[in-house]
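# A look at the structure
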Amino acid sequence: MSKLGQVVESVEKYNQFVLDQVKRARTDQDFGRDLLGRWNDIKAKIPTTRTPTGIPLPRLALPEIDEPGEIARYLFGEGLPGEFPYLNGAYREMYLEPIREVESLEKNGQAKNGNSTKKVAPAEEPTRLFSGLMLAEDTNERFHFLTAHQRTHRLSTAFDGPTLYGIDSDADGVFGKIGEGGVAIDTVEDMVRLYDGFDLGSTNFSASMTISGPAPIIMAMYIAAAKRRFGPSVVPKLRGTIQADIFKEVQAQNETIFPIEPSLRFLTDMVEFTTREMPRWYPISISGYHIGEAGSTPVQQAAYTLSNGFAYAEMFAARGIPFDQFGPRLSFFLDCGLDAEYIALARVSRRIWAIGVREVFGAGPKAQLYKLHTQTSGRSLIAAEFKNNLTRTAAELVLAYMNATNSCHSNSADEPFTTPSEEWIRLAAHGQAILLEESGIFKHTMNMLSGSPGMKAVERAVEAAILEEFREIERLGGVLAAVEERYQRSQIQNAAHRYEQQIYDGTRPIIALNKYRNGSDDIPEVKLARTPRRKQQLQVDRLVKFKKKNAEKSKRALDKLAAVVESGRNCFPALLETVEVCSLGQITGRLQEVVGRFRPMV
């Protein structure tokens, strides 16, 4: 039985353990009495806060139960926020506004007077803003615009097509794609420009980079750029994540540039280095978002993301990296659409991950956490009467925060047409601010919307369906064998076809597209974001100048990198040297000479 098969078995065993605890609580009076005492103690220690209108609310909402069996079902089957198996959240408190000291004291009748308004430091905002357009300095300007009113700067970066494929901007046939749909990054000098003005070593800054095929090269450029600005001592302080997920590429996107096995080797080299040298960095974001955007069902998205995560865990452990060292540095990325499964998809994923890594890999508490970034569904955005997308995204944000996501990005309503404009991206960011800061839905009480009968029904159905997908992948020989059989890819394609068919036959209502249309098919006037030719030429000119300046050094660096790769040693330290004098395309080209090119799956 593979590790994935063991995960299925461990989840089923844990579910039986919960049932056994429920039965024990109802038949063993001492055990039941102890549970009831613990439950009452937990409730007594929950601080009270007040809404702006003066209503007192508990900081944590718990079900009104006093029967030992149901208490056992809750504590063992769900766990309090921040406690195994983490169904209700990875951390004890999330999104809550700082509590006034007097409110906590009033709970226990200890307030000396009613004038105390002392607050603890505000928590980090979960909003992560995503951008990438034209050249590095243009994206940098957008980053500064987006973070103008944020305490913490959490930036996600989108790269243009040539960069995603490891191709230089001066390559034949790519001129018109420079800076389109993302930012053009060819050299370490571009990376310096991209994050200019941000303190990369600050505890209030983190960078996320949405790139997978050439991820180790881009990661090396980021480190090199940080060292140029802040010196070598900044490296352990760097905070953020890089996507780097090779499995989702071959399952959903086909943006891998090396064959699968060398790609996984380069990824593992990077993980090994960052785990040792960069304790605040997440070297891989295991990404279901792109699986969902490619057409999968919500269950397929969660199942493939989780199974990919377990496969990476097995791979990194085989390299000799202790699980409790790399486990806390794994992160996950899901989309959030409008299907019913999203009511509990992330909650269930968090529980399965915690049980699986504890029972199968022996993970400690920090490594059990399923740290999740959520993005609202791009696939749900519709060009027809596109302003309705504001409502779609708002509903998806509610679902994402109901699932206690650790960070979140909200899409812009104009994305069916273009890279988001400042107006629409501002509205997208304000959607999160309204939900988290203006409304009282999440800022007063943890678990405000959790635990309804409907949510529990979805949890049970989703967990069963995910485990069934695991069994099929296990039957095929595991994740890598299933990838080689094109299993995940074929299932995603089938689901995408079914989704489109449901739109066409009306069984999936899309407002203003196949239902409640206003009778007009006129395309709205939306200003399109395009990279001017002069900027594209500037990028090429900079690149040519960089290559000319480093011509002699680049050849020696590439020869050294190739020798390291051929020797089987960890190539990431050599990459850190190579990016100082070589462009992305030069490095990609030389590595492809050594390990070959990826042949896209049909």
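Everything below is about the structure printed above this text.
Below: a short report on this structure. Residue numbers restart at each chain and count upward from 1, following the sequence in its written direction. pLDDT decides what is reported in this predicted model: residues at 70 or higher carry local features, side-chain atom pairs at 80 or more are listed and counted, and totals for whole chains, interfaces and linings draw on all residues regardless. As a rule here, side-chain values cover all heavy atoms of the structure and leave hydrogens and water aside.

## Digging into the pairing of strand 10 (residues 372-376)
Burial of strand 10 is extensive: 5 of the 5 residues sit out of reach of the surface. Each residue gets one of three labels from its accessible area relative to the maximum for its type: buried under 20%, exposed over 50%, partly exposed in between, using a 1.4 Å probe on protein chains only. A run of DSSP states H or I qualifies as a helix once it reaches four residues; a run of E qualifies as a strand once it reaches two. Both are numbered from the N-terminal end. By the alternation rule, side chains of strand 10 split into Leu372, Thr374 and Thr376 and His373 and Gln375, which are all buried. Here a strand pair is declared whenever DSSP counts at least two bridges between the two strands. Pairing of strand 9 (residues 330-336) with strand 10, which is carried by 5 bridges, proceeds in the parallel orientation. Its bridge partner lying in strand 10, phenylalanine 332 is registered against leucine 372. Since strand 9 and strand 10 lie parallel, the crossover through helix 14 (residues 345-361) that links them has a hand, and here it is right-handed. One ladder, built from 3 bridges, connects strand 10 with strand 11 (residues 407-409); its direction is parallel. From the neighbouring strand, histidine 373 faces strand 11, where its bridge partner is serine 407. A clockwise path from the first strand over the helix to the second, with the strands pointing away from the viewer, defines a right-handed crossover. Following the backbone out of strand 10, through helix 15 (residues 389-402) and into the adjacent parallel strand 11, one traces a crossover that is right-handed.

## Observations concerning empty space enclosed by the protein
Both cavities and pockets are sets of points on a 1 Å grid over the protein atoms alone; in a cavity a 1.4 Å probe fits but cannot get out, in a pocket the set is open with protein on both sides within 12 Å along at least five of seven lines, and lining residues sit with an atom within 4 Å of a point. Grid points are joined across faces, edges and corners, and a volume is the space filled by probe spheres set on the points. The tally for this structure, following the rule as stated, stands at 4 cavities of 30 Å³ or more. Computed from the structure, the largest cavity encloses a volume of approximately 120 Å³. For the second largest cavity, the calculated volume is near 70 Å³. As for the second largest cavity, its lining consists of Leu334, Asp335, Cys336, Tyr342, Leu345, Ala346, Thr374, Leu399, Ala400 and Asn403.

## So, the packing of helix 9 (residues 246-253) against helix 10 (residues 260-277)
Angles run from 0 to 180 degrees between N-to-C directions of axes, and those axes are lines fitted to C-alpha atoms, restricted for helices to the stretch in contact. Remark: helix 9 packs on helix 10, axes separated minimally by 9 Å, with the N-to-C direction vectors making an angle of 145 degrees. For the pair helix 9 and helix 10, contact is made by Ile246, Phe247 and Val250 and by Ile260, Ser263, Leu264 and Leu267, respectively. Working rule for contacts: check all heavy atoms of both residues, and any pair within 4.5 Å makes them a contact.

## Digging into the sheet that holds strand 11
Hydrogen bonds along the backbone pair up the strands of a sheet, which may run parallel or antiparallel. Read from one edge to the other, the open sheet built from 4 strands follows the order 8-9-10-11, with strand pairing classed as parallel. The outermost strands of the open sheet, each flanked by one partner alone, are strand 8 (284-287) and strand 11. Adjacent strand axes in the sheet meet at a mean angle of 25 degrees when their direction is disregarded.

## So, the side chain of threonine 275
Relative to the elements of secondary structure, threonine 275 occurs in helix 10. For this analysis, a polar contact is any N or O atom pair within 3.5 Å, provided that within protein one partner can donate a hydrogen and the other can accept it, and provided that sequence-adjacent residues contribute only side-chain to side-chain pairs. In this structure the side chain of threonine 275 is engaged in a polar contact, spanning 2.6 Å, whose partner is the backbone oxygen of valine 271. Ignoring any residue separated from it by four or fewer positions in sequence, one finds threonine 275 in contact with Ile321, Gln325 and Phe326.

## Some remarks on helix 20 (residues 533-549)
Each helix should span, by expectation, one fewer than its residue count multiplied by 1.5 Å. Compared with an ideal rise of 1.5 Å per residue, which puts 17 residues at 24 Å, helix 20 spans 24 Å between its outermost C-alpha atoms and is within 8% of the ideal. Next to the buried residues of helix 20 lie helix 5 (136-146) and helix 7 (188-194).

## A few points about unusual backbone geometry
The residue after phenylalanine 84, namely proline 85, is reached through a cis peptide bond having omega 0 degrees. Among the structural elements, proline 85 can be located in the loop between helix 3 (68-77) and helix 4 (101-107). Even without being glycine, tyrosine 86 reaches a positive phi, approximately 65 degrees. Note that tyrosine 86 resides in the loop between helix 3 and helix 4. Positive phi, close to 80 degrees, is recorded for alanine 512, a residue that is not glycine. Within the secondary structure, alanine 512 sits in the loop between helix 19 (487-505) and helix 20.

## A short note on the pattern of salt bridges
Side-chain pairs of opposite charge can arise whenever the charged atoms involved come near each other. Salt bridges, as used here, are contacts in which a Lys or Arg side-chain nitrogen is within 4 Å of a carboxyl oxygen on Asp or Glu. Per the stated rule, a full pass over the model turns up 36 salt bridges. The closest approach of N and O atoms between arginine 26 and glutamate 67, which form a salt bridge, is 3.2 Å. Placement of arginine 26 in helix 1 (residues 3-27) and of glutamate 67 in the loop between strand 2 (56-58) and helix 3 is noted, with a sequence separation of 41 residues between them. We note a salt bridge from lysine 560 to glutamate 577, for which the minimum N-O separation is 2.7 Å. You can see lysine 560 sitting in helix 21 (residues 551-567) and its partner glutamate 577 sitting in helix 22 (residues 572-578), a full 17 residues away along the chain. Shared partners join several salt bridges into a network, and the residues in it are Arg26, Glu67, Glu70 and Arg73.

## What about the layout of surface pockets?
Volume-wise, the second largest pocket comes out at about 830 Å³. Around the second largest pocket, the lining is made up of 36 residues, and of these Phe130, Ala158, Gly181, Gln375 and Glu415 lie nearest the centre. Going through the elements one at a time, strand 3 (129-131), helix 6 (161-164), helix 9 and helix 11 (289-293) are the ones with two or more residues in the lining of the second largest pocket. Within the lining of the second largest pocket, the residues separate by chemical class into 12 nonpolar, 15 polar and 9 charged. Each residue is assigned to one class: nonpolar for Ala, Val, Leu, Ile, Met, Phe, Trp, Tyr, Cys and Pro, charged for Asp, Glu, Lys and Arg, and polar for all the others, Gly among them.

## Quick look at the side chain of threonine 187
When you line up the elements, threonine 187 lands in the loop between helix 6 and helix 7. Residue threonine 187 is classed as buried on the basis of its relative accessible area, which comes to 4%. Excluding residues that lie within four positions of it along the chain, threonine 187 makes contacts with Met221, Leu543, Phe546 and Ser583.

## A short note on the packing of aromatic side chains
Note on ring pairs: Phe, Tyr and Trp rings are taken, using the six-membered ring of Trp, and paired if centres are within 6.5 Å. Classes follow the plane angle, with under 30 degrees stacked, over 60 edge-to-face and the rest tilted. Considering all chains together, one arrives at 28 aromatic pairs under this definition. Measuring from centroid to centroid gives 5.7 Å for phenylalanine 17 and phenylalanine 76, while their planes differ by 85 degrees, and the two rings are edge-to-face. Residue phenylalanine 17 is located in helix 1, and its partner phenylalanine 76 is located in helix 3; the two are separated by 59 residues in the primary sequence. Aromatic side chains tyrosine 289 and phenylalanine 333 sit 5.1 Å apart centroid to centroid with 5 degrees between the ring planes, which places their arrangement in the stacked category. On the criterion of sequence distance, the pair formed by tyrosine 289 in helix 11 and phenylalanine 333 in strand 9 is long-range, its members being 44 residues apart. Both residues of the pair, tyrosine 289 and phenylalanine 333, count as buried. By way of ring pairs, the aromatic residues Phe143, Tyr195, Phe198, Phe205, Tyr222 and Trp281 are connected into one cluster. Whether a charge lies above a ring is judged from NZ of Lys or CZ of Arg, which has to be within 6 Å of the ring centre and within 35 degrees of the ring normal. Over the aromatic face of phenylalanine 84 sits the side chain of arginine 358, whose NZ or CZ is 3.8 Å from the ring centroid.

## So, the environment of glycine 309
Inspection of the secondary structure assignment puts glycine 309 in helix 12 (residues 298-318). For glycine 309, the contacting residues outside a window of four places in its chain are Ile286, Phe332 and Trp353.

## Notes on the sheet that holds strand 6 (residues 240-242)
The sheet built from 5 strands is open, its strands ordered 3-4-5-6-7 with parallel pairing. Unpaired on one side and paired on the other, strand 3 and strand 7 (281-282) mark the two borders of the sheet. As paired elements, strand 3 and strand 4 (residues 153-158) share 3 bridges and run parallel to each other. Bridge pairing in strand 4 links leucine 129 to leucine 155. Docked against the sheet, helix 8 (residues 215-230) engages strand 5 (205-210), strand 6 and strand 7, running at close to 150 degrees with respect to strand 5.

## What about helix 19?
Here helix 19 is 19 residues long and its end C-alpha atoms lie 27 Å apart, about the 27 Å a rise of 1.5 Å per residue gives. Here helix 19 has its buried residues at Tyr487, Gln488, Arg489, Ile492, Ala495, Ala496, Tyr499 and Ile503. Looking at the buried residues of helix 19, the elements they touch are helix 9, helix 11, helix 12, helix 17 (453-475) and helix 18 (479-484). Glycine 506 sits one or two residues past helix 19 and shows a positive phi near 85 degrees.

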